[in-house]
Amino acid sequence: MTAALMTSAPGEDSLDSVLRPIHNAWIAEARCFLEPTLDPGADFWTRWGAVRYLSDTFRDRVRQERALVQELPPFLPPEVSERLERGSELVVRSRLELDRIGRRRGTAAEVARGARQLLTQLGEWCAEIELAAAAVAREALAAEGIALLARLEAAIPPPA
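Residues numbered from 1 in each chain as written. Predicted model: local features only at pLDDT ≥ 70, side-chain atom pairs only at ≥ 80, totals over all residues. Heavy atoms only, no water.

A.B. asks: Account for the nonpolar core, naming residues and giving values.
C.D. replies: In terms of nonpolar packing, the biggest core is built from 40 residues, with Leu34 and Phe58 touching the most fellow members. Mapped onto this core, the elements with two or more residues apiece are helix H1 (15-34), helix H2 (44-69), helix H3 (78-102), helix H4 (108-132) and helix H5 (143-154). In terms of residue count, H4 provides more of this core than any other element does, 9 residues in total. Excluding residues that lie within four positions of it along the chain, Leu34 makes contacts with Ala50, Leu54, Leu98, Ala115, Leu118 and Leu119. (Core = buried A, V, L, I, M, F, W, Y, C linked by side-chain atoms within 4.5 Å. Buried < 20%, exposed > 50% of the residue type's maximum accessible area, 1.4 Å probe, protein only. Helix = DSSP H or I, 4+ residues; strand = E, 2+ residues; numbered from the N terminus. Contact = heavy atoms within 4.5 Å.)

Spelled out as structure tokens, the structure:
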């Protein structure tokens, strides 16, 4: 049995309902930068824009998301925590590989494959996090988790 499991009651913010719009915004942002590279004929500057995004914004976002995931194990079965960690490692490795190949000329087809893979892994990882956090009340998080969540919420662009 997991320690300190705190389920959300009706009317309370469950963690998944808070994370869903955060993740949707992140995935949409990642698509804006990575989808142009899906064209195997994408030029170097298109790939370079994606590499810059991966090196800066995306990397920082993965760090924040991983830190939040590290706050969840007290509420989750060990196998779920392990699955979330494996998912984060896949995203990190794919980001590093795409960054590496995206910096070279003549790699449009490789970058297209890598970008598609990273977008798929990101979507799957975010969905796994939301699923795992479905029964956790926002208020159940420790102070650091609440602060991380607030930073992630603050990064969501306002509706157009």
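A.B. asks: Just give me the short version of the packing of aromatic side chains, but keep the residues and values in it.
C.D. replies: Under the defined criterion, the tally for this structure stands at 6 aromatic pairs. Aromatic side chains Trp26 and Trp125 sit 6.4 Å apart centroid to centroid with 70° between the ring planes, which places their arrangement in the edge-to-face category. One end of the pair, Trp26, is in helix H1; the other, Trp125, is in helix H4, and 99 residues separate them in sequence. Each member of the pair, Trp26 together with Trp125, is buried. Note on Phe33 and Tyr53: the rings are 4.3 Å apart at their centroids and 0° apart in plane angle, and the pair reads as stacked. Linking Phe33 in helix H1 with Tyr53 in helix H2, this pair joins segments that are 20 residues apart in sequence. (Phe/Tyr/Trp six-rings, centres within 6.5 Å; stacked < 30°, edge-to-face > 60°.)

A.B. asks: Requested: an account of the environment of Pro77, with residues and values cited.
C.D. replies: Its place among the elements puts Pro77 in the loop between H2 and H3. Pro77 sits 42 residues away from Glu35 along the chain, and the two C-alpha atoms are 35 Å apart.

A.B. asks: Outline the packing of H2 against H4, listing residues and values.
C.D. replies: With their axes 13 Å apart at the nearest point, H2 and H4 run at an angle of 20° to one another. In terms of their interaxial angle, H2 and H4 are classed as roughly parallel. In this structure, H2 meets H4 at a crossing whose hand is left-handed. In this structure, H2 uses Arg47, Leu54, Phe58, Val62, Glu65, Arg66 and Val69 to contact H4, whose residues at the interface are Ala108, Val111, Leu118, Leu122, Trp125 and Ile129. Taken together, the residues of the contact of H2 with H4 sort by class into 10 nonpolar, no polar and 3 charged. (Axes fitted to C-alpha atoms, helices over the stretch in contact; angles between N-to-C directions. Parallel < 35°, antiparallel > 145°, perpendicular 65-115°, else oblique. Left-handed = near helix turned anticlockwise from the far one by under 90°. Nonpolar A, V, L, I, M, F, W, Y, C, P; charged D, E, K, R; others polar.)

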